[in-house]
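Close look at the chain arrangement
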Amino acid sequence: MGKPPKKKNLADKVRKTKTSTEIKNNPFEVKINRKKFDILGRKSKHDVGLPGVSRSKAINKRKETLLKEYKTKDKANKFIDKRFGEYDTKMDPEEKILQRFSMERQRTQDKKDMYNLNEEEELTHYGQSLSEMEKLNDMVDSDDDADEKGVLSAELTASHFGGGGLLRRKTQGEKDNGGNQRAKSRQELIEELILKSKQEKRERQNQKEESQVLTEKLDQDWKSIQGLLAHKNAPKADRLEEEDKPKLDEYDMMVRELGFEMKAQPSEKMKTPEEVAREERERLQKLEADRLRRMMGDVVEDCTKTQAHMSADDLNDGFILDGDEKPTLAYQDGKWNINEEGAKIEGDDDEEGGEGESGEEESGGEEEEEGSGEDSHSDLDSEQESEGGEEEEEEEGEKDEVPATKSQLSEEERKAQAEAAKAELPYTFKAPESYSDLKGLLQGHPADHQCIILARTQKCNHPSLAVGNKLKLQKLFGFLLEYVGELASRSPPELSTIDKMITQLYGLCQLFPEAASKAMQTTLVDSAHRMEDVLEVKGRAAFPQLDMLIYLKITALLFPTSDFRHPVTTPALLYISQALTKCPVMSLEDVTSGLVLCCLAVEYVSFSKRFCPELINFLLGVLHLAVQDKTSTGYSVVPPFRQNGKVSDLLVLSDPESSQTWSKKTLPLSATQTLTLTTDLDTDHYRLSAVATCMDLLKHCSSLYRELTSYSHIFQPITTLLSKHLPIKTYPAALQVSGTVVSSKDNLVRLPWANVAYKITRGNTKEEREKERLNHKYKKEFKGALREIRKDTRFLAREKLNEVMGRDAERKRKVKELFGSLATQEGEWKALKRRKNSRH
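Per chain, residues are indexed from 1 in the order of the written sequence. Given that this is a predicted model, residues contribute local features only at a pLDDT of at least 70 and side-chain atom pairs are listed and counted only at 80 or more, while totals for whole chains, interfaces and linings are drawn from all residues. The basis for every side-chain value is the complete set of non-hydrogen atoms in the structure, without hydrogens or water.

**Details of the environment of Arg283**
The line we're drawing: Put simply, DSSP H or I for four residues or longer makes a helix, DSSP E for two residues or longer makes a strand, and each gets a number counted from the N terminus.
With respect to the secondary-structure elements, Arg283 resides in helix α8 (residues 273–295). Distance from Arg283 to Thr428, taken between C-alpha atoms, is 9.9 Å for residues 145 residues apart in sequence.

Here it is, written out as structure tokens:
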């Protein structure tokens, strides 16, 4: 057994209260925020008190303001007296009561008593009870004319709407048996009213008939006189009408002209890419079927519909005039020509030929009619056929000659037509399943035909036409990329064909960018791995071949080079940098390959202006190859170049006089593989071309990196080499100008804002300083408001969480109580059941 808890006595409570009071009043616990200076008109932010006092004050302030607003949100706990005239001091109390009573009765009458049929309130009309008045059984006659609607006599109106006063009047002259005047009964009054209304109606109808008869008579008289007056007054009337007509102004004339202008016809709706692809495939399939029939020797009839000539008087009703047509007369070459029933009969021929020739012409007239058809418009048909042929030649690049009829073709012509059809390119192609299929499809065709084959293959296998076409065209991009590499590896390389294939690669890349990027990534990664393997084994690697250079160029054309990081162009730029650093220059072919890589590097960084140190080092090394005296240089070269050695004089001229016969030419891409230079003069000319290309690249780099902070430090070695060591004076004038531009001191001067650090400048005028002060104050207040809003949001969030937790705790408590009460009831029920069982 433990000790019983010690009871707290009064002394302990007093001691605890005293200790807390001492801590509260302890001056060492008070926090004081001192301020250096007292400034008038400025609110002091410093406070004196215990730690956490300012925070507790802010919380208490929010509880008094924000929390109360939150709790009273969407609640109305005020009683507002909305009785009529309650706040109107000008109305008397009696008037307020009457108005309220009338409004209350009106409200109840409109709502409650709308459908109440047991209303006991007596209804009156003109001061008389409606229940006492007799019902009016007579209705107004519905046979009245339209002119009589709404017209009521005074007596009828008074009898029906006068409150019944007229019905009670006593009439003069009517006396009863005793001689006293008596009032007419209601039935008598109604009969009199009916008689009067019928009489008035009959009179109005008679007047209307008389006026109609007079009008007809007047019209007949006027028609008989009008004929006599027409020929006399017509000219004068016309003149009067012309004088009375106002002259049209420019605006009215323009409006009338616009009314007669041709209106725009509705255009055809835009077709979706799927519809365009489907129509293109159907067109190619139809052309292929025609070509196959011509190959088999079948005659393909021209089924193109020509536009029939229609005259201006044609009603377009299908009517054809049967009968002898009149002969047409024409004058040609000094003779009269008469065209009669499709046969041309000249005057001289009639005299010489006689009846025999005329009989032959008549017998052959029907055949000529059938053959010629619409002879007068044959020139239009020929023009349409020629225009259609030109359009088809532009679209497909070929010319198809289609015969018109079977009778015009002989056996030799059919054979020639079949041979021509065999020589044509097919119009439909299946997508190649492997690289060998693509190679067999394109091999033996010129570059233009290869592009047509690829275009037709894409049209026949569009992704929207079948499910598997997308995968087929994605594979086609990889096959085509491999085919381009093979074309570049041939000797000599087929660069013109590659140039035309890039268009097809671009179209496939736009359709499938992800597949194109993966295929190009695979090519670059494989080449980079091969270079790394060679470097690990030999320590040096050869420059990339022409196919790889072509791939790098295609990468720059198909994918963006200005991105900070791109899955294709970034590895390509790293590959270029690695080649410029790790591949040694051993021959003029290597110099050419390196300069091509430098051109590609400039193209890659032209938009992003990304600094490429490998590019600058390689250009410096190329210029170093042209320096004769390498003993004392004010610069140093980095690998893959050497300061001295056998291959450090590759660009040194063997004869300085060779520069006089040099003309500037671009370096051929085929020189990266094989370079055939038979004489020393050709070798010197090639060296000068390489130096010229290097200087052009330096000018591009100078304009590209001019804004860099370390511009002068980067180009200082190149400037020293050009100005002191390179024999520019022995070079042609064009190279001397280029060298002077690159090595000029103006290029080394950095931009004035390149190294100047940005400093905050204050306003010079009073208005500028006031504006800056207001901007600073605005920013400060804005930040303070944001800070307070965040604190208020956190405070409300805590309160909402506390409410939720309180509701949850209350619910748990009630659930616990319910379970406890249920358990108690269950125990009592079981105990009661046990008692009953024990009794039994």
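**Observations concerning the packing of aromatic side chains**
Heads up, the condition is: When the centres of two rings from Phe, Tyr and Trp lie within 6.5 Å, Trp using its six-membered ring, the rings pair. Their planes under 30 degrees apart give stacked, over 60 give edge-to-face, and anything left gives tilted. Buried, partly exposed and exposed residues are distinguished by accessible area as a fraction of the type maximum, computed with a 1.4 Å probe on protein chains only: under 20%, between the cut-offs, and over 50%, respectively.
Inspection of every chain in the model, using the stated rule, returns four aromatic pairs. Aromatic pair Phe611 and Tyr705: ring centres 5.2 Å apart, planes at 75 degrees, arrangement edge-to-face. Within this pair, whereas Phe611 is found in the loop between α20 (588–605) and α21 (613–624), its partner Tyr705 is found in the loop between α22 (680–704) and α23 (711–725), the two being separated by 94 residues in sequence. Since its relative accessible area comes to 35%, Phe611 is described here as partly exposed. One aromatic cluster is present, formed by Phe543, Phe618 and Phe641 through successive ring pairs.

**Points about the environment of Ala447**
Here is the rule: What makes two residues a contact is simply this: any of their non-hydrogen atoms within 4.5 Å.
When you line up the elements, Ala447 lands in helix α14 (residues 447–460). We classify Ala447 as buried; its relative accessible area is 16%. Separated by 54 residues in the primary sequence, Ala447 and Met501 place their C-alpha atoms 8.3 Å from one another. Those residues in contact with Ala447 that sit more than four places away from it in its chain are Thr497 and Lys500.

**Observations concerning the side chain of Thr693**
When you line up the elements, Thr693 lands in helix α22. The buried category is assigned to Thr693, whose relative accessible area is 18%. Setting aside anything within four residues of it in sequence, one finds Thr693 in contact with Leu595 and Leu667.

**Let's talk about a nonpolar patch on the surface**
The condition that has to hold: Here, patches come from residues exposed beyond 30% relative accessible area and free of salt bridges, joined within 9 Å for like charges and within 5 Å for nonpolar side chains (Val, Leu, Ile, Met, Phe, Trp, Tyr). The method behind every accessible area is Shrake-Rupley, applied with a 1.4 Å probe, and residues are considered shielded solely by the protein chains displayed. Each reported salt bridge corresponds to a side-chain nitrogen of Lys or Arg within 4 Å of a carboxyl oxygen of Asp or Glu.
Together, Tyr778, Phe782 and Leu786 line one region of the surface with nonpolar side chains, adding up to about 320 Å² of accessible area. By the element assignment, Leu786 lies in helix α26 (residues 766–839). Residue classification places Leu786 among the partly exposed positions, given a relative accessible area of 31%.

**Describing the pattern of salt bridges**
Inspection of the entire model under this criterion finds 24 salt bridges. A salt bridge links Glu288 to Arg291, with the shortest nitrogen-to-oxygen separation between them at 2.8 Å. With Glu288 and Arg291 both in helix α8 and three residues apart, this pair spans about one turn of that helix. Both residues of the pair, Glu288 and Arg291, belong to the buried class.

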